[in-house]
Amino acid sequence: MTSALDAEELRSRLVAPNGPYAALDVVAKTASTNADLASTGGADRTVLIALEQTAGQGRRGRTWASPEGGLYCSVLFRPAGVPAAQLPWLNLIAGLALVRVARSVGVEASLKWPNDLLLGAGAGKGAGILSEITADGSVVVGIGLNVAKLPADVEPAPGGLAPTSLEDLGAAELDRGELAFRLLVELAQLEGVWRKNGGDAVESGVLEEYVEHSSTIGQRVRVELSGGLEILGVAQRVEPDGTLVVRGDDGQNHGVSAGDVVHLRPA
């Protein structure tokens, strides 16, 4: 069973001077934590957690199912000194934090580029990430993690990924307060090292760790691009700027900075 979140306890552990965050709030329900934070103009490393979202957003305007029993968290970052071209790494860094948390409760986890956490041997989708740049240049990183058993009517993710959760896969610990704490600690650690290195994914070590946990590299994939275009081929690597390189069936290497990736079974 999952527990309610104690906002005061999380603030005492995570908000300055005891922790790396500037502010943290917990709400029972909201439309979208990303939308709420994007409209506040808050300080660097401001956190908003919701127990339920009624209008959670995924990539490309899709709806993200956010039933009660999950963990829905957004963090506003203002990474001074990091070039704009490196900001997409915040999305991938959030994925690394999720992998660390899932593994800490005994659930195998990997990452499907650019924003899906895959859980268990069946590689079901256990979390999604959406990063958005606001009008004032800050970045809001939203994370939706499936914690409790999912309702039967949750639809598959794009590409047919079956939804799953930590409880569905027998996680050893399901205290949402502790999960939120671990997630935010891991996120702050990864983002902090990356920021200190000016957003350099190589020097900060985040590229190496991402490659280690990537389920996309080496896979035959279909990349669905805007305008109905697509690339078929094999994912080769992730570049230092976060771009995915796919060796297409046309024999050419294609750098993909945005798109939906579907893992295909070998021909």
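Residues numbered from 1 in each chain as written. Predicted model: local features only at pLDDT ≥ 70, side-chain atom pairs only at ≥ 80, totals over all residues. Heavy atoms only, no water.

Engineer: What am I meant to see in unusual backbone geometry here?
Structural biologist: Omega for the bond connecting alanine 16 with proline 17 falls within 30 degrees of zero, at 10°, which places this linkage in the cis form. With an omega of 0°, the peptide bond between tryptophan 113 and proline 114 qualifies as cis. Tracing the chain through its elements places proline 114 in the loop between strand E4 (109–112) and strand E5 (116–119). Non-glycine residue arginine 45 carries a positive phi angle of around 65°. (Helix = DSSP H or I, 4+ residues; strand = E, 2+ residues; numbered from the N terminus.)

Engineer: Explanation requested: the side chain of threonine 216 in the structure shown.
Structural biologist: Within the element layout of this structure, threonine 216 appears in the loop between helix H5 (206–213) and strand E8 (220–224). Residue class for threonine 216 comes out buried when judged on its relative accessible area of 1%. A polar atom in the side chain of threonine 216 sits 3.0 Å from the backbone nitrogen of tryptophan 113. Not counting chain neighbours up to four residues away, the residues in contact with threonine 216 comprise Leu111, Lys112, Trp113, Val221, Ala235, Leu244, Val261 and His263. (Buried < 20%, exposed > 50% of the residue type's maximum accessible area, 1.4 Å probe, protein only. Polar contact = N/O pair within 3.5 Å; in protein donor to acceptor, adjacent residues only side chain to side chain. Contact = heavy atoms within 4.5 Å.)

Engineer: Could you clarify how one ought to interpret the sheet that holds strand E12 (residues 260–264) in this entry?
Structural biologist: Backbone-to-backbone hydrogen bonds join strands into a sheet, with any given pair of strands oriented parallel or antiparallel. Pairing in this open sheet of five strands is antiparallel, and the strands run E11-E10-E9-E8-E12 from one edge to the other. Sheet topology places strand E11 (253–256) and E12 at the edges, where each strand pairs with a single neighbour. Across the sheet, the axes of successive neighbouring strands diverge by a mean angle of 45°, strand direction being ignored. Two strands pair when backbone bridges link them, and strand E10 (residues 244–248) and E11 are joined in this way by four bridges, in the antiparallel orientation. Within the sheet, the bridge partner assigned to arginine 247 lies in E11 and is asparagine 253. (Pairing = 2+ DSSP bridges. Axes fitted to C-alpha atoms, helices over the stretch in contact; angles between N-to-C directions.)

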